[in-house]
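# A closer look at the structure
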Amino acid sequence: MLMAERGAASHTIAAYSRDLSDFLTFLAAKKTEAAAASADHVRAYLEVLSAEGLAPASRARKLSAIRQFFRFLLAEGVRKDDPTAAIDSPKRGRPLPKVLSLAEVETLIGTAKEACASAPEGAPRRRAHRLNALLETLYASGLRVSELVALPRNVLAVDDRVLTIKGKGGRERLVPLNDAAREALAAYLAVLAEDPARKASPFLFPTGDGGQHMTRQRFGQELKSLALAAGLDPARVSPHVLRHAFASHLLERGADLRTVQQLLGHADISTTQIYTHVIEERLRRLVEEHHPLAKAGFAKVRLTKAR
């Protein structure tokens, strides 16, 4: 159903499969199955996960999969009730997204450019230009890493100023590219054209034989190596952190939350609201810098988040 009706991504399907398999294994140990499971069974499962030290966010994700599973069974007539209806999700705080400062991103990009200039001919030069193109495109667009590495070769054919992205749930969105990303991609494609196997690949970022696209894990590894070369802590650098940096830096410079939501491909504005701390900090600075009382030193206006 998730695949055929909702167009869920392969990673989502895999995650649901793991979560539901784990839950069904738990039920089997209790000598029951999904058609006969009760709310007490679900609560007992969540208590086991908590005892194992699973974070509230992870428990909430597993409960979400179980909820959707029971709703599916209810809709299909397998069950007459939903045992998860009266179960609350584990309470979880919403941590602030990890981001890099503008100076750190510039250092990372500068190091990638230097690697392109100094890399010897052949595979090292090709890898250097690929990483530079990936980095520039990611920071310019805020794409999910799965969307980025799977870009088709012809994505730039119609207009190299805009990417047409098919995201979660099959939803399409337009994402503009800046000049730096376009230049990095053009340089990379010129180097890629020197390799016949990769030149014929349908993917923008192909693997060695051109048959598949680069994996997100491989990109993450190369990004951490680049961070090390740039003098940054590799633990703080990942494709998702750069996606956060893209959103945070836009908001710091005046972009509105709705625009950032569209660029990131979030279906719900509540997902984008993890960045509201950036907006609050910008508003605080604006008041302190431009309010006449703040300028005169009489008072500073302290903004607090509306509840």
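Source: prediction; values computed, not measured.

### Here's the deal with the overall build of the chain
The secondary structure content of the chain amounts to 14 helices and 2 strands. Within the chain, the fraction of its 307 residues that count as buried is 40%. Element-wise, carbon and sulfur atoms account for 54% of the exposed surface of the chain, whose accessible area totals about 17,100 Å².

### Overview of helix H10 (residues 239-252)
Helix length check: H10 (14 residues) gives 20 Å between terminal C-alpha atoms against 20 Å at 1.5 Å per residue, within 8%. Along H10, 11 of the 14 residues are buried, which leaves the element largely enclosed by surrounding structure.

### A few points about the UniProt feature "active site" (unreviewed entry) in the chain
As annotated in UniProt, the feature "active site" (unreviewed entry) corresponds to Arg-144, Lys-168, His-240, Arg-243, His-266 and Tyr-275 in the numbering used here. Its place among the elements puts His-240 in helix H10. Along the chain, the position of His-266 falls in the loop between helix H11 (257-264) and helix H12 (269-272). Accessibility expressed as a relative area gives 14% for His-266, which makes it buried. Apart from residues no more than four positions distant in its own chain, His-266 is found in contact with Arg-144, Arg-243, Gln-261, Thr-271 and Thr-272.

### Observations regarding the side chain of Glu-104
Considering the arrangement of structural elements, one finds Glu-104 in helix H4 (residues 102-118). For Glu-104, the contacting residues outside a window of four places in its chain are Leu-232 and Arg-236.

### Considerations on the confidence of the model for the chain
The predicted structure's coordinates, where accompanied by low pLDDT, should not be read in detail. Taken residue by residue, the chain gives an average pLDDT of 86. The fraction at 70 or more is 88%. The least confident element of the chain, judged by mean pLDDT, is helix H14 (residues 292-296) at 59; the most confident is helix H9 (residues 216-229) at 96. For the stretch residues 298-307, pLDDT sits under 50, and the model shows 11 contacts to residues farther than four places along the chain or on other chains.

### As for the nonpolar core
Leu-108, Leu-151, Phe-205 and Phe-219 are the most contacted members of the largest nonpolar core, which has 39 residues in total. Secondary structure elements with two or more residues in this core: H4, helix H5 (123-141), helix H6 (145-149), strand S1 (162-166), helix H7 (179-192), H9 and H10. Sort the elements by how many residues they give to this core and H5 lands first, with 7 residues. By size, the runner-up hydrophobic cluster in this structure holds 20 residues, among which are Ala-34, Ala-65, Phe-70 and Ile-87.

### Remarks on the environment of Phe-72
Tracing the backbone shows Phe-72 in helix H3 (residues 56-75). Sequence spacing of Phe-72 and Asp-82 is 10 residues, and the spatial spacing of their C-alpha atoms is 9.4 Å.

### Quick notes on the packing of H5 against H9
Contact pair H5 / H9: the axes reach a minimum separation of 11 Å and the direction vectors enclose 95°. Put simply, H5 runs roughly perpendicular to H9. Where H5 approaches H9, its residues Arg-130, Leu-131, Leu-134, Leu-135 and Leu-138 are matched on the opposing element by Phe-219, Glu-222, Leu-223 and Leu-226.

### Thoughts on the packing of aromatic side chains
Applying the stated criterion to the full structure yields 5 aromatic pairs. Aromatic pair Phe-69 and Phe-70: ring centres 5.9 Å apart, planes at 50°, arrangement tilted. Residue Phe-69 shares its accessibility class with Phe-70, and that shared class is buried. On the basis of an interplanar angle of 25° and a centroid distance of 5.3 Å, the ring pair of Tyr-188 and Phe-205 is categorised as stacked.

### Considerations on unusual backbone geometry
Most peptide bonds are trans, and most residues other than glycine sit at a negative phi. Backbone geometry places Lys-31, a non-glycine residue, at a positive phi of 60°. Structurally, the position occupied by Lys-31 is in the loop between helix H1 (10-29) and helix H2 (39-51).

### Structural notes on H1
For H1, built from 20 residues, the straight-helix expectation of 28 Å at 1.5 Å per residue is met to within 8% by its first-to-last C-alpha distance of 29 Å. All of the buried residues along H1 are Ile-13, Ala-15, Tyr-16, Asp-19, Leu-20, Phe-23, Phe-26 and Leu-27. Taken end-on, H1 shows its buried residues confined to a sector of 160°, consistent with a single buried face. Away from its buried face by more than 90 degrees, H1 exposes Ser-10, Arg-18, Thr-25, Ala-28 and Ala-29. Once H1 ends, the next one or two residues include Lys-31, with phi positive near 60°.

### A few points about the pairing of strand S2 (residues 172-176)
On S2, burial follows the alternation: Arg-173 and Val-175 on one face are buried, whereas Glu-172, Leu-174 and Pro-176 on the facing-out side are not. In this structure, S1 lies alongside S2, joined through 5 bridges in antiparallel fashion. Bridge pairing in S2 places Val-162 opposite Pro-176. Here S1 folds back onto S2 in antiparallel fashion, the turn holding 5 residues, of which Gly-169 has a positive phi close to 70°.

How each quantity is defined
Within every chain, residues take consecutive numbers counted from 1 along the sequence as written. The model is predicted, so local features are restricted to residues of pLDDT at least 70 and side-chain atom pairs to those at 80 or more, both for listing and for counting; the totals for chains, interfaces and linings are taken over all residues. Excluding hydrogens and water, the side-chain values take into account all heavy atoms of the structure. Helical segments are the DSSP runs of H or I of at least four residues, strand segments are the runs of E of at least two, and each set is numbered from the N terminus. Burial classes: relative accessible area under 20% of the type maximum marks a residue as buried, over 50% as exposed, and values in between as partly exposed (1.4 Å probe, protein chains only). Per-residue accessibility takes into account occlusion by the displayed protein chains alone, with areas from the Shrake-Rupley method and a 1.4 Å probe. Expected span of a helix, by definition, is 1.5 Å for each gap between consecutive residues, and there is one gap fewer than residues. UniProt positions are given in the numbering used here, feature names are shortened, and annotations may be inferred rather than shown by experiment. Note on contacts: a residue pair qualifies if any of its non-hydrogen atoms lie within 4.5 Å across the two residues. The quantity called pLDDT is the predictor's confidence in a given residue, expressed from 0 to 100. In this text, buried Ala, Val, Leu, Ile, Met, Phe, Trp, Tyr and Cys residues form a nonpolar core when linked through side-chain atoms within 4.5 Å. Orientation is described by axes fitted as lines to C-alpha atoms, over the contacting stretch for helices, and by angles from 0 to 180 degrees between their N-to-C directions. Any angle between 65 and 115 degrees counts as roughly perpendicular, while under 35 counts as roughly parallel, over 145 as roughly antiparallel, and the rest as oblique. Centre distance within 6.5 Å is the pairing criterion for rings of Phe, Tyr and Trp, where only the six-membered ring of Trp is used; planes under 30 degrees apart are then read as stacked, over 60 as edge-to-face, and the remainder as tilted. Note: the arc covers the axis-to-C-beta directions of the helix. Any two strands with at least two DSSP-identified bridges between them are counted as paired.

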